[in-house]
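Here's the letter readout for the chains.
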Amino acid sequence: MVAKENSTEEQLLWKKWIEYKDSEAGDLLIRKYTPLVTYHVQRIGASIPKNISRDELKSLGMMGLFDALNKFDYSRELKFDTYASFRVRGAIIDGLRKEDWLPRSSREKAKKLEAKIEELEQRLLRHASAEEIADFVEMPVDDVYQTVQEHFFSNVLSIDEQLQDNEEVEAKSFVIRDDAKKTPEQQMVKQELLRDLASQIQQLNENEQLVLSLFYTEELTLTVIGEMLGLSTSRISQIHSKALFKLRKLLASEMMNA
């Protein structure tokens, strides 16, 4: 009965907002769906530097929510939560991309670290642990995890980001390929990468597998995962970073071929 009453109340709010642009109705709808913004801020915030203000992410997300409110067609068979999620996440990602959240110095640091990792692993003839890499490059282990994680996220943000290099005469940009037009060879390579990735995930320890599953499959925030497992959010974040580090090569290949 309560759920039905809530549904009826929301329908009335939508009617007032869509037909009359009633400011009070709009404000109530914004308040109702603000937790959706908080959710996406927490998820995206788990993969970016700590110096980026979460308030700024929330501000970007709220702009996306308001945009969704203005463009949503309530007559269609689509839940507002689903529609707004795309708008909110897109607004945050676009905002980060435009602000160039990862400075050039940090990008260079990530590239140099990858080069050092390659050098070390060629010496060892095996994958190096984060501790071995940290010792080799003389930097804290946590910095190694953070740099690798930022590097992954910067690749996601850079999909359509224009390259700005003074040595280049013409600007270049990344283009998103149409998945529907992938060649059989590309499909086969992708399937092989996914199989390899699944196999590598099986080699992670139980906590790492569980955190990845809850974060990427169940789409829970690190805070909620911590509460479920009785661990602090920082500890869950560390487990998440370690898992990504171990999978870094296959993840990089997957992003290049996605």
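Preceding block: the structure.
For the structure given in this document, a descriptive report is provided here. Keep in mind the model is a prediction, meaning the values are calculated, not measured.

We now examine the environment of Ser-47. Relative to the elements of secondary structure, Ser-47 occurs in the loop between helix 2 (23-45) and helix 3 (54-71). Taking the C-alpha atoms as reference points, Ser-47 and Ser-241, separated by 194 residues in sequence, lie 8.6 Å from one another.

Scanning the entire structure with this criterion turns up nine salt bridges. Measuring nitrogen to oxygen at the nearest pair gives 3.0 Å for the salt bridge that ties Glu-19 to Lys-15. With Glu-19 and Lys-15 both in helix 1 (residues 2-20), this residue pair falls four residues apart, about one helical turn. You can call Glu-19 partly exposed: its relative accessible area is 47%.

It is worth spelling out unusual backbone geometry at this point. Its identity as a non-glycine residue notwithstanding, Leu-125 has a phi of 60°, on the positive side. Overall, Leu-125 belongs to the exposed group, its relative accessible area being 76%. You will see that Glu-138, though not glycine, has its phi angle at about 55°, which is positive. Following the sequence through the fold, Glu-138 ends up in the loop between helix 6 (130-137) and helix 7 (141-157).

Put simply, the second largest pocket is a space of about 410 Å³. Lining the second largest pocket are 18 residues, with Ala-46, Lys-50, Ser-234, Ser-237 and Gln-238 sitting closest to its centre. Elements that contribute at least two residues to the lining of the second largest pocket include exactly helix 2, helix 7, helix 10 (222-229) and helix 11 (233-246). At five residues, the largest contribution of residues to the lining of the second largest pocket is made by helix 11. A per-class count over the lining of the second largest pocket returns four nonpolar, 11 polar and three charged.

Another point: the side chain of Glu-10. Looking at the secondary structure, you find Glu-10 in helix 1. Apart from residues no more than four positions distant in its own chain, Glu-10 is found in contact with Leu-29, Lys-32 and Tyr-33.

Taken as a whole and judged by the stated rule, the model has seven aromatic pairs. Between the aromatic rings of Tyr-145 and Phe-245, the centroid separation amounts to 5.7 Å while the plane-to-plane angle is 90°, which identifies the pairing as edge-to-face. In this pair, Tyr-145 is assigned in helix 7 and Phe-245 in helix 11, connecting sequence segments 100 residues apart. Side by side, Tyr-145 and Phe-245 carry an identical accessibility label, which is buried. One aromatic cluster in this structure is built from Trp-14, Tyr-33, Phe-72, Phe-80 and Tyr-83. The ring of Tyr-33 has Lys-32 sitting right over it, with the charged end atom 5.7 Å from the ring centre. Stacked on the ring of Phe-215, the Lys or Arg Arg-43 has its end atom at 4.1 Å from the ring centre.

Let us now look at the environment of Lys-21. Looking at the secondary structure, you find Lys-21 in the loop between helix 1 and helix 2. Sequence separation between Lys-21 and Asn-70 is 49 residues, and the spatial gap between their C-alpha atoms is 9.3 Å. Those residues in contact with Lys-21, other than ones at most four positions away along the chain, are Lys-16 and Asn-70.

How each quantity is defined
- Residues numbered from 1 in each chain as written.
- Predicted model: local features only at pLDDT ≥ 70, side-chain atom pairs only at ≥ 80, totals over all residues.
- Heavy atoms only, no water.
- Helix = DSSP H or I, 4+ residues; strand = E, 2+ residues; numbered from the N terminus.
- Salt bridge = Lys/Arg side-chain N within 4 Å of Asp/Glu carboxyl O.
- Buried < 20%, exposed > 50% of the residue type's maximum accessible area, 1.4 Å probe, protein only.
- 1 Å grid on protein atoms, 1.4 Å probe; cavity = no way out; pocket = protein on both sides within 12 Å on 5 of 7 lines; lining within 4 Å.
- Points joined across faces, edges and corners; volume = space filled by probe spheres on them.
- Nonpolar A, V, L, I, M, F, W, Y, C, P; charged D, E, K, R; others polar.
- Contact = heavy atoms within 4.5 Å.
- Phe/Tyr/Trp six-rings, centres within 6.5 Å; stacked < 30°, edge-to-face > 60°.
- Lys NZ or Arg CZ within 6 Å of the ring centre and 35° of its normal.

Coordinates in, geometry out; function isn't part of it.
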